[in-house]
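Each chain, written out:
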Amino acid sequence: MQKLGTDAVYFSPIFESDYHGYDTRDYRVIDKRIGTNKNFAELVSKLHEAGIKVVIDGVFNHVGRGFFAFKDVCEKKWDSAYKDWFNISFDGNSPYNDGFWYEGWEGYYNLVKLNLNNPDVVNYLIESVRGWVDEFDIDGIRLDAADVLDFGFMKELRSFCNGLKPDFWLMGEVIHGEYTRWVNSETLHSVTNYNLNKALWSGCNEHNFFEIAHTVKRLYDMGGCHYRNLELYSFADNHDVERIASKIINKDHLGVIYTLMYTLPGIPSIYYGSEFGIEGKKEQGSDASLRPHLELSDYADAMTDNPLTALIAKLGSIHQAQKALCYGEYKELLLTNRQYAFARCYENEDVITAVNNDEQSTTLHIPYQGPKTQFKGALSGKDYMVQNGSIEITLDACGGDILI
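Computed from a predicted model, the values in this text were never measured in an experiment.

Visitor: Quick rundown of the pattern of salt bridges? Include the residues and the values.
Guide: Two side chains carrying opposite charge are able to pair once their charged atoms lie near each other. Here the structure, examined in full by the defined rule, presents 24 salt bridges. Put simply, R25 and D18 hold a salt bridge, and the shortest N to O gap is 2.6 Å. Owing to a relative accessible area of 35%, R25 belongs among the partly exposed residues under this scheme. Between E211 and K198 there is a salt bridge; the shortest N-O distance is 2.8 Å. Here the residue E211 occupies a position in helix α6 (residues 209–222), and K198 occupies one in helix α5 (residues 194–205), the gap between them amounting to 13 residues. K198 gets classed as partly exposed once you look at its relative accessible area, which sits at 40%. Through salt bridges with shared partners, one network takes in D57, R142, D144 and E173.

Put into structure tokens, the structure is as follows:
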């Protein structure tokens with residue numbers, strides 16, 4: 001992770017569950033299939049020593065049927081002290097023949113929806129978060145299914161976390177919608193940018209940079225044309241969607257996609273294994289092939305032998321070094337179906353990205369009216385001069401450069 005230039009790692013659910021992690025049994029015990037509480041605390045400590053912060057999945061919308069409070073309801077029915085922890089009707093029945101009906105997430109009755117309007121439930125979850133920081137020293141939470149979470153709960157969680165630890169980070173899983181509903185000073189710091197994810201792969205597949213640029217502009221306008229108002233979590237793939245190497249038609253476009261992801265507004269991320277270009281498709285309704293076990297020894301030489309791995313490592317180091325790529329405002333400079341150039345501007349620093357998704361090399365004249373007179377290509381090593389209000393740049397087929 002250090003070689004890739006990453007400074008944080010986000011773990012999918014790690015707590016005791018019925019089966020796959022999103023059906024929690026115990027929010028305070030690490031799943032015995034992967035280790036112990038002590039193991040995880042030691043791992044977080046090692047990551048912190050390496051300068052890497054730790055974010056874990058918070059599954060607060062629902063629990064598994066093995067969750068202690070739900071088991072108590074199954075046993076005691078209306079006499080259970082926990083019956084109001086869930087959305088229950090004793091006038092019906094469940095597919096499991098429990099003798100009562102309850103709300104399951106999106107109709108999945110192995111995922112029992114919590115009643116987040118119940119103060120006891122909210123207190124239990126918030127105290128669990130307090131325990132995660134006290135015991136493990138985590139730095140943030142990714143909220144599963146944030147698009148259906150109660151906003152009152154998210155506000156209470158944000159208020160609590162603001163005083164929990166400096167820079168504690170809350171990121172939500174949101175597919176569609178007006179992202180500012182979730183990303184603001186009262187709820188979350190960031191959400192998953194599915195809009196950009198779709199635009200990246202389909203824009204390259206269809207040789208249509210207009211889709212990508214228009215998506216960026218729409219999101220930028222959503223944040224009031226100020227990047228710090230809407231810092232979104234960028235990704236080329238994740239545990240719920242097919243690997244980008246399987247979705248892209250021309251594998252040479254992978255470099256273009258990652259160059260864009262690391263330089264457009266957003267917080268870039270890599271789904272484990274995709275730095276090596278591994279593939280994975282949904283098969284027979286299963287996500288198993290998206291989440292394979294990997295032997296790192298199989299990729300020991302990737303940094304030198306795999307051009308994609310080397311490129312992502314380079315992009316990571318560039319992103320870390322350039323404040324404009326972390327905090328800079330966005331300005332579109334040039335746009336055609338197959339060529340795209342934009343600037344990220346922060347204080348007196350300008351960084352220009354230029355990409356070409358054509359299968360032929362191309363020469364561009366990028367208009368530039370900023371304060372700089374010369375740039376260095378961070379990917380190519382070439383020198384570029386600003387002459388008569390433009391920069392001439394030749395890009396390889398399916399290639400790009402970052403001008404610093």
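Continuing now.
Visitor: Summarise the environment of C345; cite the residues concerned and give the values.
Guide: Considering the arrangement of structural elements, one finds C345 in strand β16 (residues 339–346). Judged by relative accessible area, which is 27%, C345 ranks as partly exposed. For C345 and R25, which are 320 residues apart along the polypeptide, the C-alpha to C-alpha distance reads 47 Å. Residues in contact with C345, not counting those within four places in the same chain, are G328, E329 and D350.

Visitor: Describe the packing of helix α8 (residues 254–263) against helix α10 (residues 307–321), naming the residues involved and giving the relevant values.
Guide: One way to put it is that α8 packs onto α10 with a least axis distance of 10 Å and a crossing angle of 15 degrees. The pairing of α8 with α10 is recorded here as roughly parallel in orientation. Here the hand of the crossing between α8 and α10 comes out right-handed. Contacts between α8 and α10 pair L254, G255, Y258, T259 and Y262 from the former with L308, L311, I312, L315, G316 and H319 from the latter. Residue composition of the contact of α8 with α10, grouped by class: 7 nonpolar, 4 polar and no charged.

Visitor: I'd like a rundown of the sheet that holds strand β12 (residues 190–191), residues and numbers included.
Guide: On the basis of which strands lie adjacent, the open sheet formed by 5 strands has the order β1-β4-β10-β11-β12 and parallel pairing. Looking at strand neighbours, the two that pair on one side only are β1 (8–11) and β12, the edges of this open sheet. Bridge count between β1 and strand β4 (residues 53–58): 4 bridges; the pairing is parallel. Opposite Y10, over in β4, you have V55 as the bridge partner.

Visitor: Outline unusual backbone geometry, listing residues and values.
Guide: The phi dihedral of D137 falls on the positive side, at around 65 degrees, and the residue is not glycine. Tracing the backbone shows D137 in the loop between α3 (119–136) and β10 (140–143). Of note in this structure, N388 is not a glycine but carries a positive phi near 55 degrees. Relative to the helices and strands, N388 resides in the loop between β20 (383–387) and β21 (390–395).

Visitor: Explain the pairing of strand β18 (residues 362–367) to me, and be specific about the residues and the numbers.
Guide: Along β18, the buried face is formed by T362, L364 and I366; none of T363, H365 and P367, which line the opposite face, is buried. Pairing of β18 with β21, which is carried by 6 bridges, proceeds in the antiparallel orientation. Within the sheet, the bridge partner assigned to T363 lies in β21 and is T394.

Visitor: Can you tell me about the environment of G21, naming the residues and giving the values?
Guide: Inspection of the secondary structure assignment puts G21 in the loop between β2 (15–17) and β3 (24–30). Its relative accessible area of 5% is what places G21 among the buried residues. Along the backbone, G21 and K76 are 55 residues apart, and their C-alpha atoms lie at a distance of 26 Å. Filtering out sequence-adjacent residues up to four positions away, G21 remains in contact with P13 and V59.

Visitor: Tell me what's going on with helix α2 (residues 68–76), and back it up with residues and numbers.
Guide: Considered for burial, the residues of α2 that qualify are A69, F70, D72 and V73. Buried residues of α2, viewed axially, fall in a sector of 155 degrees; they line one side. Opposite the packed face of α2, turned more than 90 degrees from it, sit the exposed residues K71 and E75. Taken together, the buried residues of α2 touch β5 (62–64), β6 (88–89), β7 (101–102) and β9 (108–113). Immediately beyond the C-terminal end of α2, within one or two residues, lies K77, with a positive phi of roughly 50 degrees.

Each value, and the rule that gives it
- Residues numbered from 1 in each chain as written.
- Predicted model: local features only at pLDDT ≥ 70, side-chain atom pairs only at ≥ 80, totals over all residues.
- Heavy atoms only, no water.
- Salt bridge = Lys/Arg side-chain N within 4 Å of Asp/Glu carboxyl O.
- Buried < 20%, exposed > 50% of the residue type's maximum accessible area, 1.4 Å probe, protein only.
- Helix = DSSP H or I, 4+ residues; strand = E, 2+ residues; numbered from the N terminus.
- Contact = heavy atoms within 4.5 Å.
- Axes fitted to C-alpha atoms, helices over the stretch in contact; angles between N-to-C directions.
- Parallel < 35°, antiparallel > 145°, perpendicular 65-115°, else oblique.
- Left-handed = near helix turned anticlockwise from the far one by under 90°.
- Nonpolar A, V, L, I, M, F, W, Y, C, P; charged D, E, K, R; others polar.
- Pairing = 2+ DSSP bridges.
- Arc of directions from axis to C-beta.

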